[in-house]
Amino acid sequence: MSDKPTLANLRQEIDAIDDKILELLNQRATLVMQVGALKTQTKSDFHVPSREREIYERLTANNPGPFPSEGVRGVFREIISASLALESPMRVAFLGPSATFSHLAAMQQFGLSAELSPERSIPAVFEAVQKGEAYYGLVPVENSTEGVISHTLDMFMESDLKINAEVLLEVSHFLLSRTGRIEDVKKVYSHPQPLAQCRKWLATNLPNIPLVDVASTTLAAQIVTEDYTAAAIASEYAASLYNLKVVKARIEDQVNNFTRFLVVGRKFADRSGDDKTSLMFSVKDEPGILHRMLVPFASRGINLTKIESRPLKGKAWEYIFYLDLSGHISDPQVAEAVQELSSCCQFVKVLGSYPRAK
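For clarity, every value in this text was computed on a predicted model and none was experimentally measured. (Residues numbered from 1 in each chain as written. Predicted model: local features only at pLDDT ≥ 70, side-chain atom pairs only at ≥ 80, totals over all residues. Heavy atoms only, no water.)

**With respect to the overall build of the protein**
1) Next: Secondary structure assignment for the protein yields 12 helices and 15 strands.
2) Next: Its C-alpha atoms give the protein principal-axis dimensions of about 85 × 60 × 40 Å.
3) Next: Burial status across the protein gives 44% buried among its 358 residues.
4) Next: Total accessible area on the protein stands at roughly 18900 Å², and carbon and sulfur atoms take up 54% of it.
5) Next: Each charge class in the protein can be summarised by its mean position, and for the 39 positive and 43 negative side chains these summaries are 2 Å apart. (Helix = DSSP H or I, 4+ residues; strand = E, 2+ residues; numbered from the N terminus. Buried < 20%, exposed > 50% of the residue type's maximum accessible area, 1.4 Å probe, protein only. Areas by Shrake-Rupley, 256 points an atom, 1.4 Å probe, with all protein chains shown as cover. Lys, Arg positive; Asp, Glu negative; His and termini not counted. Charge placed at Lys NZ, Arg CZ, Asp CG, Glu CD.)

**So, the state of the cysteines**
1) Next: Under the criterion given, the structure shown has 0 disulfides.
2) Next: Free of any disulfide, Cys344 has its nearest neighbouring cysteine sulfur in Cys345, separated by 4.4 Å. (Disulfide = S-S within 2.5 Å.)

**Describing the sheet that holds strand 13 (residues 304-311)**
1) Next: Spatially, 4 strands are ordered 13-14-12-15 in an open sheet, and the strand pairing comes out antiparallel. Looking along the sheet, the strands with just one partner apiece sit at the ends: strand 13 and strand 15 (345-355). Averaged over all adjacent pairs, the angle separating strand axes in this sheet is 15 degrees, with direction ignored.
2) Next: Two strands pair when backbone bridges link them, and strand 12 (residues 275-283) and strand 14 (residues 319-326) are joined in this way by 6 bridges, in the antiparallel orientation. From the neighbouring strand, Met280 faces strand 14, where its bridge partner is Tyr322. (Pairing = 2+ DSSP bridges. Axes fitted to C-alpha atoms, helices over the stretch in contact; angles between N-to-C directions.)

**Let's talk about the sheet that holds strand 8 (residues 211-213)**
1) Next: An order of 8-7-9-6-10 is seen for the 5 strands of this open sheet, with the pairing classed as mixed. At either margin of the open sheet sits one strand with a lone partner, and together these are strand 8 and strand 10 (245-248). Between one strand and the next, the sheet's axes are offset by a mean angle of 35 degrees, whatever the strand orientation.
2) Next: Looking at chain direction, strand 6 (residues 174-177) and strand 10 are connected through 3 bridges and run antiparallel. By the bridge assignment for strand 10, Ser177 is matched with Lys245.

**As for the side chain of Ser172**
1) Next: The topology assignment puts Ser172 in the loop between strand 5 (162-170) and strand 6.
2) Next: In this structure Ser172 comes out as buried when scored by relative accessible area, which is 13%.
3) Next: Reaching out from Ser172, the side chain makes a polar contact with the side chain of Arg250 at a distance of 2.7 Å.
4) Next: When neighbours within four sequence positions are excluded, Ser172 is seen to be in contact with Phe101, Ala234, Ser235, Arg250 and Glu252. (Polar contact = N/O pair within 3.5 Å; in protein donor to acceptor, adjacent residues only side chain to side chain. Contact = heavy atoms within 4.5 Å.)

**Remarks on the pairing of strand 5**
1) Next: In terms of burial, strand 5 is largely enclosed, as 7 of its 9 residues are buried.
2) Next: As paired strands, strand 5 and strand 11 (residues 258-265) are joined by 8 bridges and run antiparallel to one another. Paired with Leu168 across the two strands is Arg260, which belongs to strand 11.

**Examining the environment of Ile233**
1) Next: Turning to its location among the elements, Ile233 is positioned in strand 9 (residues 230-234).
2) Next: In this structure Ile233 comes out as buried when scored by relative accessible area, which is 0%.
3) Next: Not counting the four nearest positions on each side in its chain, Ile233 is found in contact with His173, Phe174, Leu175, Val188, Tyr189, Ser190, Pro194, Leu195, Cys198, Leu202, Thr217 and Ile251.

**Here we look at unusual backbone geometry**
If a residue is not glycine, its phi is most likely negative; likewise, a peptide bond is most likely trans.
1) Next: For the bond from Gly65 to Pro66, the omega torsion is 10 degrees, close enough to zero to count as cis.
2) Next: Locating Pro66 in the fold gives a position in the loop between helix 2 (49-62) and helix 3 (69-87).
3) Next: Across the junction of Gly96 and Pro97, the peptide omega takes the value 5 degrees, indicating a cis bond.
4) Next: Mapped onto the secondary structure, Pro97 falls in the loop between strand 1 (91-95) and helix 4 (101-110).
5) Next: The phi torsion at Ala99 lies on the positive side, around 75 degrees, for a residue other than glycine.
6) Next: Residue position: Ala99 is located in the loop between strand 1 and helix 4.

**Considerations on the environment of Arg51**
1) Next: Note that Arg51 resides in helix 2.
2) Next: Take Arg51: its relative accessible area is 47%, and that puts it in the partly exposed class.
3) Next: Measuring from C-alpha to C-alpha, the distance between Arg51 and Asp270 comes to 9.1 Å, with 219 residues separating the pair along the chain.

**Points about the packing of helix 2 against helix 3**
1) Next: Direction vectors running N to C along helix 2 and helix 3 enclose 145 degrees, while the axes themselves pass 10 Å from each other. The hand of the helix 2/helix 3 crossing is right-handed. Along its contact with helix 2, which presents Glu52, Ile55, Tyr56, Leu59 and Thr60, the element helix 3 presents Ser69, Val72, Arg73, Phe76, Arg77, Ile80 and Leu84.
2) Next: Here the residues of the contact of helix 2 with helix 3 sort into 7 nonpolar, 2 polar and 3 charged. (Left-handed = near helix turned anticlockwise from the far one by under 90°. Nonpolar A, V, L, I, M, F, W, Y, C, P; charged D, E, K, R; others polar.)

**Notes on the nonpolar core**
1) Next: Membership of the largest hydrophobic core comes to 24 residues, with the highest contact counts inside it found for Ile122, Phe126 and Phe156.
2) Next: Looking at this core element by element, the count peaks at 5 residues for helix 5 (residues 122-130).
3) Next: Once residues within four sequence positions are removed from consideration, Ile122 is found in contact with Leu95, Val139, Ile149, His151, Thr152 and Met155. (Core = buried A, V, L, I, M, F, W, Y, C linked by side-chain atoms within 4.5 Å.)

Structure follows, in structure tokens:
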């Protein structure tokens, strides 16, 4: 008689393992609730991003396979999200509406158990966090194809919120319609950013078709649900949410199309060991000033990962600089460099130190 396992035997073993996983999850949840009680007693922060990062890195480093490491991260993101909900409901404000790429980034960062709250604008996201209506806010800051999102940078002039994390989301644009047939498409709706990111594809495949700017990809999908001659450029998630068919998948012009999001909160994030620091500063207008502002970092071997300038409102030909560098503000070398930078600046503001996105 063959000892080869049958399908029924294998399923039985899987069921037994699932039962054990469920038992362990509840054991973990019990410990999490005890941690929450201790945090309440000591008035400690209930969410510590650096602790989350440690869990992900330890588990992926110790993963022998064949379960994929990216899968490990996804599973434990939801476990941690559900566990945090047991300690205290965590409300996260994001640039809405639902089913936008900001919504997808918020789900990627905080999991499905967080209370994700869509806000009407980037200033509204900042306001929700400043007023304590949300624990965190998530806003887009730049796209690898279209560049920086100026409204987000401008908000840091007015706000004392700190950057606590960054999220990188690979953005894939889908052409959606009621019929799923490209020959039915007589006009295309979307937010200006996706329209710009799909410009070449649209010109090649839908020449002379009107392109209509709307406030969000979600609104575009909503419009298309009632118009059989229209298509929307939106996320695949929007297709499932609004019962639309995919006319064409991944129509973005650049295959590596990423949007970077920032998570803002009321406190500085703890050092994780692989951090970035963001600064905002204005320099005095004098010969050689651009060289002088870079010397404090170059002389200490500190890597600058981004530098962006914006006009200073109300003052012609004066600029605010935004700079990202490798390291945490608590690192002595970084702190010394920022202190030296201050000597040639009208002001320097540390926007936050946070774990580098992976």
